[in-house]
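Observations on chain architecture
Here's the letter readout for the chains.
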Amino acid sequence: MGQNKNTGREGVVFGRRMAELAFRHLGSELLNTKTKSNETKFNGQIVVLKSAHKNTSSVGVTLNVLENIQSIIAVLENKEKQEDGVHKYTLYKVPVEWYKQHMYPSRSSPSAAKTTRMVNCNPIRKNGEVIGELICDF
């Protein structure tokens, strides 16, 4: 299922909210970047945070951001059933080189295909370094 304007807007709000929560959890904060991407400094590296609900199959990073970071932190909702509005997420870190080896152009629109590269969440779950877990109500 592709995104439309409304689900895209909702995704941006969710991503920003999750980035703020995850960066606080990691002892960091959002950097003020011209791209408005969810970047931070973590363990001496510039990283971007990408987040996804359990039924979201992939995460995307723009080509501009890929040139400025060393790693991607993916905050992926765990697939088991959640109860009482509680959502559990695992934080995975993958090097930008690994991401580039597994990426493909976005299929959401012709313009996105030119600027955004996607990676499926399951390989991130399988190959990423687990760096933490989060529990939240969204």
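Structure report, in brief. (Residues numbered from 1 in each chain as written. Predicted model: local features only at pLDDT ≥ 70, side-chain atom pairs only at ≥ 80, totals over all residues. Heavy atoms only, no water.)

1. As for the sheet that holds strand β4 (residues 71-77)
In a beta sheet, neighbouring strands are held together by backbone hydrogen bonds and run either parallel or antiparallel to one another. An order of β1-β2-β4-β5-β8 is seen for the 5 strands of this open sheet, with the pairing classed as mixed. Only two strands of the sheet have a single partner each, and these edge strands are β1 (39-42) and β8 (129-136). Each neighbouring strand pair of the sheet contributes to a mean axis angle of 30°, computed without reference to strand direction. Direction of pairing for β1 relative to strand β2 (residues 45-52): antiparallel, over a ladder of 4 bridges. Bridge assignment links K41 to a residue of β2, and that residue is I46. Lying on the sheet, helix α1 (residues 5-25) is in contact with β1, β2, β4, β5 (87-95) and β8; it crosses β2 at an angle near 130°. (Pairing = 2+ DSSP bridges. Helix = DSSP H or I, 4+ residues; strand = E, 2+ residues; numbered from the N terminus. Axes fitted to C-alpha atoms, helices over the stretch in contact; angles between N-to-C directions. Contact = heavy atoms within 4.5 Å.)

2. Examining unusual backbone geometry
Unlike most non-glycine residues, N43 shows phi in positive territory, near 50°. Residue D84 is not a glycine yet carries a positive backbone phi of 55°.

3. A short note on the side chain of S28
If you trace the backbone, S28 turns up in the loop between α1 and β1. The exposure class assigned to S28 is buried, which follows from its relative accessible area of 16%. Among the polar contacts made by the side chain of S28, one reaches the main-chain carbonyl oxygen of K41 at a distance of 3.1 Å. Dropping the residues within four chain positions of it, S28 is found in contact with F23, T40 and K41. (Buried < 20%, exposed > 50% of the residue type's maximum accessible area, 1.4 Å probe, protein only. Polar contact = N/O pair within 3.5 Å; in protein donor to acceptor, adjacent residues only side chain to side chain.)

4. Remarks on the pairing of β4
Counting buried positions along β4 yields 7 of 7 residues, so the element is predominantly enclosed. What you see with β4 is no split at all: S71, I73, V75 and E77 on one side and I72, A74 and L76 on the other are buried throughout. Of the pairings in the sheet, the one linking β2 to β4 comprises 6 bridges and is parallel in character. Its bridge partner lying in β4, V47 is registered against S71. The pairing of β4 with β5 spans 7 bridges and is classified as antiparallel. Bridged to I72 within β5 is V94.

5. Notes on α1
With 21 residues, α1 ought to run about 30 Å at 1.5 Å a step, and its terminal C-alpha atoms sit 30 Å apart, in line with that. Taken together, the buried positions of α1 are occupied by G8, F14, G15, M18, A19, L21, A22 and F23. Lining the buried residues of α1 we find β1, β2, β4, β5 and β8. G27 sits one or two positions beyond α1 and adopts a positive phi of about 80°. (Expected span 1.5 Å × (residues − 1).)

6. A word on the packing of aromatic side chains
On inspection of all chains with the given rule, the structure shows 2 aromatic pairs. Ring centres of F14 and Y89 lie 6.5 Å apart, and the angle between their planes is 35°; on these two criteria the pair is classed as tilted. Taken together, the residues F14 in helix α1 and Y89 in strand β5 connect sequence positions 75 residues apart. Taken as a pair, F14 and Y89 share a single burial class, namely buried. The interplanar angle of 80° and the centroid separation of 6.1 Å between the aromatic rings of F14 and F138 together place this pair among those described as edge-to-face. Highlighted residues: F14 in helix α1 and F138 in the segment after β8, separated in sequence by 124 residues. Chaining the aromatic ring pairs together yields one cluster made of F14, Y89 and F138. Looking at R17, its charged tip hangs above the ring of F138, at a distance of 3.9 Å from the centre. (Phe/Tyr/Trp six-rings, centres within 6.5 Å; stacked < 30°, edge-to-face > 60°. Lys NZ or Arg CZ within 6 Å of the ring centre and 35° of its normal.)

Functional significance is not addressed by these values, which are geometric in nature.
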